[in-house]
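Tertiary structure, described
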Amino acid sequence: MSTGERRVCLITGAGGTLGNVFCRSYYTDYDIVAVCRTRTPAVPSQLEWFVDPLDPEKPVPENNSRVFVIRADLTAPGEVERVVDLALARFGKVDLLVNNAAHVQLQPRGIVDGDAALEQFDPHFTLNVSVPLRLSARLAQRFWLHNGVQNRAANRNIVNVSSISGSEVYPGQTLYSASKAALNQLTRNTADEFAEFGVRANAIAPTSFPALVSTEQVAQAIVELDGNDFTGGVFGVGQEPSAADNAHPDRLAEADR
């Protein structure tokens, strides 16, 4: 079950750049279900147990805030359902779902250069759109749907990690951009539908990180959306005109709404 009063966060892509920073920054604040396909986040997990070699019987703080790692290929049949069931079995609830896992393969020569772009359509839309849809739907069906009062009291919500590419045109990013634009619209519609049982949905659309905005700022935007009451928004992170302030949802530049 959940540790004390901490919120339970299920985050996908936990071993990637953003997922790793999120877990390292907030693993003592949330009970984190860290879903990853290969790399695991660089934080204590249930996969290891820490011992002080000078005093083996002494409690070690790292053992109190270990993330719960689930290895999964979310594009494989049944894996989304397995992840949701394991998370609920371990903690009994999920308060925050962060759909962060993403597929990106650029086509610098455009979509008409042979079959490369055509072959990349399914991988982009499966991981970037279908997986967030399935995770949101399965979590709702298995836990949120009949817990409206509890959902509202706990301020439960979804944060989808989109991209500035979902509303801007960048050479070579046609498929990635299209998938993120679809994710933005999925977010808005999910927010409208899930309002019936008290679950919010928003997306963040950061510019390139860590090149143009720090990964820590993007992770912070997720946490601040979790603590706010917004729903149905797609919020830019690190975008003009208020790049200095826009990690806070109150001051985020809302993208392509």
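Looking at where Q120 falls in the secondary structure, it is placed in helix α3 (residues 116–144). Sequence-distant contacts of Q120, defined by excluding residues within four places in its chain, comprise H103, Q105, Q107 and L175.

The buried fraction of strand β1 (residues 7–12) is high, at five of six residues. Here β1 pairs with strand β2 (residues 30–36) via six bridges, running parallel. Across the sheet, T12 pairs through a bridge with V35, a residue of β2. Viewed along the sheet, the connection from β1 through helix α1 (residues 17–26) into β2 turns out right-handed.

The next thing to look at is the nonpolar core. Within the largest apolar cluster, 30 residues are counted, with the highest numbers of intra-cluster contacts made by L10, V33, L74, L139 and W144. For this core, the secondary-structure elements that each account for two or more residues are β1, β2, β3 (68–71), α2 (79–91), α3 and α5 (174–194). The element contributing the most residues to this core is α3, with seven residues. Here L74 is in contact with T12, V35, E79, V80, V83, V131 and L135, once residues within four sequence places are set aside.

Criteria and thresholds
- Residues numbered from 1 in each chain as written.
- Predicted model: local features only at pLDDT ≥ 70, side-chain atom pairs only at ≥ 80, totals over all residues.
- Heavy atoms only, no water.
- Helix = DSSP H or I, 4+ residues; strand = E, 2+ residues; numbered from the N terminus.
- Contact = heavy atoms within 4.5 Å.
- Buried < 20%, exposed > 50% of the residue type's maximum accessible area, 1.4 Å probe, protein only.
- Pairing = 2+ DSSP bridges.
- Right-handed = clockwise from strand over helix to strand, strands pointing away.
- Core = buried A, V, L, I, M, F, W, Y, C linked by side-chain atoms within 4.5 Å.

Geometry only, nothing functional implied.
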